[in-house]
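Structural overview for review
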Amino acid sequence: MASKLTPRGTDYSKWYNELVAQADLAQHSDVKGCMVIKPYGFAIWERMQSVLDGMFKETGHVNAYFPLFIPKSYLSKEAAHVEGFAKECAVVTHYRLMNDPNGNGVVVDPSAKLEEELVVRPTSETIIWNTYKDWIQSYRDLPLLINQWANVVRWEMRTRLFLRTAEFLWQEGHTAHETKEEAVEEARRMLDVYANFAEGWMAMPVVKGVKSVNERFAGAEDTYCIEAMMQDGKALQAGTSHFLGQNFARAFDVKFATRDGGQELVWATSWGVSTRLMGALIMTHSDDAGLVLPPKLAPIEVVLVPIYKGEDQMAEIVAALKSIADDLKAAGIRVKLDDDDTKRSGWKFAEYELKGVPVRLAMGPRDLAGGTIEVARRDTKEKSYVPSEGIVAHVQSLLAEIQDNLLARAAARTTETTSVVDTWDDFIAALDRGGFVSAHWDGTSETEDLIKKETKATIRCIPLDGDTTPGQCIRTGAPSAQRVLFARAY
RNA sequence: CGGGAUAUAGCGCAGCCCGGUAGCGCGCUUCGUUCGGGACGAAGAGGCCGCAGGUUCGAAUCCUGCUAUCCCGACCA
């Protein structure tokens, strides 16, 4: 806890791992690739969940819950889908343990083999569409707008806390619609929800776009995404929203009676964001002193720290801070008064900086005498002394300013690191500098693969509001309809 | 799945080459002094040295096998 973080400039990856551990966000568990999300980290995720859940409900969705286990046969009903996920599925084959005849604890009971293996869901399209089949009879049952909060398992070769873990928490929306247009509109609507959340709450600028065929979700007709740029110049896919066409309806035979009495396959979407957003949040704002949280998602927006000598002074100052804390709470601000006498104020300052608390208020004897309070903001590390009278209004506007500043700072960085290039040499140079690279591409998977192989860069997305001036492919010189965004990515 | 490394107290590590009954820092407990940026002193508690074999009078240390984790790649939200 007392050790300093490796600076970002020295080893970004190391900095990230140390930050996650030291800020008490998560730790590795004894199970490979799986993490324990610690209370402070989970509190941030709970804030994200609660805000997103509200946004989903505002857009007409309801929550439900589907099983963790999926019969193996379901997974293979949609060809592209199983192709995409088969390599990373955990499979349950037995349902009972027994005492080891040799006395070494318990072993799998070989007589308890399942007739059909169960796959631990890597995503829930199949089990959900198999259920929707029974729920949807008529156009009157549509649209069906359901979300679930769940854990999923993808047996990844290589994992990183929050960014890629074998088990992760997420939400997955699964909707059914009467027409293609409605489904596309839904997928786009949820993409907007994600983008609004990213920018409005996480203070993380994102580019909205559509994935190339190579990067598309297994079983989708179109994958929309939000892409964010991290401080080290690598891109991170922060959320996806898929237009699934009629693929799953066809695979699970989900038909509805149309308004004119016919039978038609329903149109589908699915969309999700995961605990990966925690990684995005960390890598967007944090610095060498630790985590930096946007006020809107901080479990603690303001921490109050007393500075004192002796018990009498402590009592006096804590009482004054308590009164301020109550006023802040009454104004709807999440506060913590840290009157723990076993830790010194200097230790607390460092600790709350590490944990990214946006605003720190400290009061010592001089403040008490002079009617002031020390206000320190985490984003710029600036400190000032302000009158304790009217502190609530001051803090409110400061929190808003910090929220805005974080977004502006991240947006400036994203813009500054984005390159627009027209030659292969410039393209390589831009990739090496880091950031998004806006360039022309001939639209073929072959060229995309080639570029990936040669540069490790992928097409992050074809921006929805991008530059649609035609040009020539950066690699092949073939005609290109519009610029796309390349980057090296997580 | 390839390459590299590691496994010793809650955490971070030393000890291993050269075998002799386990040590340091942080943290933890108690007491005292401190307190405007990670305090100081004193006294304590805490370890099947990853697991299983082998060599030896004796293994954290040498040998064999296994397991797990981390990092770097290929694959992915």
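Residues numbered from 1 in each chain as written. Chains lettered and ligands numbered in written order. Predicted model: local features only at pLDDT ≥ 70, side-chain atom pairs only at ≥ 80, totals over all residues. Heavy atoms only, no water.

**A few points about the overall build of chain A**
What counts here: Counting from the N terminus, the helices are DSSP H or I runs at least four residues long and the strands are E runs at least two residues long. In this setup the radius of gyration rests on C-alpha atoms only. A globule is expected at 2.2 Å times the number of residues raised to 0.38. Summary of the burial criterion: residues with accessible area below 20% of their type's maximum are buried, those above 50% are exposed, and those between are partly exposed, where the area comes from a 1.4 Å probe applied to protein chains only. Working rule for contacts: check all heavy atoms of both residues, and any pair within 4.5 Å makes them a contact. To measure how exposed things are, a 1.4 Å probe is used in the Shrake-Rupley method; for residues, cover is taken only from the protein chains shown. Neither His nor the chain termini are counted; the positive set is Lys and Arg, and the negative set is Asp and Glu. All charge positions are set by atom: Lys at NZ, Arg at CZ, Asp at CG, Glu at CD.
Summing up its helical and strand segments, chain A has 14 helices and 27 strands in all. Taken over the C-alpha trace, chain A has a radius of gyration of 26 Å; the compact-globule value for 490 residues is 23 Å, and the two agree within 12%. Along the three orthogonal principal directions, the C-alpha set of chain A runs to about 80 × 70 × 55 Å. Out of the 490 residues belonging to chain A, those deemed buried represent 52%. Residue pairs at least 24 apart in sequence account for 69% of intrachain contacts in chain A once pairs closer than 6 positions are excluded. Just so you have it, chain A exposes about 21,900 Å², and 51% of that area is on carbon and sulfur atoms. For chain A, the centre of its 56 positive side-chain charges and the centre of its 69 negative side-chain charges are spaced 3 Å apart.

**Brief notes about the protein's contact with RNA strand B**
Going by this rule: Think of it this way: one heavy atom of a residue within 4 Å of a molecule or strand is enough to make that residue near it. Pairing of N or O atoms within 3.5 Å defines a polar contact, subject to two protein rules: one partner must be a possible hydrogen donor and the other a possible acceptor, and residues neighboring in sequence count only if both atoms are side-chain atoms.
For RNA strand B, the set of nearby residues contains 40 residues, the closest of which are K32, R158, R164, Q237 and R276. Backbone sugar and phosphate groups make up 37% of those atoms of RNA strand B lying within 4 Å of the protein. Separating a phosphate oxygen of RNA strand B from a side-chain N or O atom of N17 is a distance of 3.2 Å. Side-chain polar atom of E156 to a sugar or linking oxygen of RNA strand B: 3.2 Å apart, as the coordinates give it. Among the elements of the structure, α1 (12–22), α10 (345–354), α11 (365–370) and β21 (383–387) are those that each provide at least two residues to the surface near RNA strand B. Of the residues forming the surface near RNA strand B, the biggest block, seven residues, is contributed by α10.

**Section: the domain arrangement of chain A**
Keep this limit in mind: An automatic or database domain assignment supplies the start and end points of every domain.
Assigned domains within chain A: domain 1 (12–285), domain 2 (300–397) and domain 3 (417–487). Using only C-alpha atoms to locate each centre, domain 2 and domain 3 end up separated by 49 Å.

**Some points on the environment of R366**
Summarising the element assignment, R366 is placed in helix α11. On the basis of relative accessible area, R366 is assigned to the exposed category, the value being 72%. On a C-alpha basis, the gap between R366 and Y308 in space is 9.8 Å, while along the polypeptide they are 58 residues apart.

**Things to note about the pairing of strand β19 (residues 359–363)**
In plain terms, the rule: Here the rule is simple: two strands pair whenever DSSP picks up at least two bridges between them.
When you tally the buried positions in β19, you get five out of five residues, the bulk of the element. The sheet contact formed by strand β17 (residues 302–306) and β19 spans five bridges and is parallel. Its bridge partner being in β19, L304 is matched across the sheet by L361. Two strands pair when backbone bridges link them, and β19 and strand β20 (residues 372–377) are joined in this way by four bridges, in the antiparallel orientation. Counterpart to V359 in the pairing with β20 is R377.

**Digging into helix α12 (residues 391–417)**
Cut-off, in case you're wondering: Here the expected span of a helix is defined as 1.5 Å times the quantity of residues minus one.
The terminal C-alpha atoms of α12, which comprises 27 residues, lie 38 Å apart, in line with the 39 Å expected from a rise of 1.5 Å per residue. Within α12 the residues assigned to the buried category are I391, V392, V395, L398, L399, I402, Q403, L406, A410, R413 and T414.

**Focus on the pairing of strand β27 (residues 483–487)**
Burial analysis of β27 places five of its five residues in the buried class, the great majority of the element. With burial as the criterion, each face of β27 is covered, one bearing R483, L485 and A487 and the other bearing V484 and F486. Pairing between strand β23 (residues 437–440) and β27: four bridges, direction antiparallel. Considered in β27, the bridge of A439 is made with V484. Relative to β27, strand β24 (residues 458–463) runs antiparallel, the two being bridged by three bridges. For T458, the partnering residue across the bridge sits in β27 and is A487.

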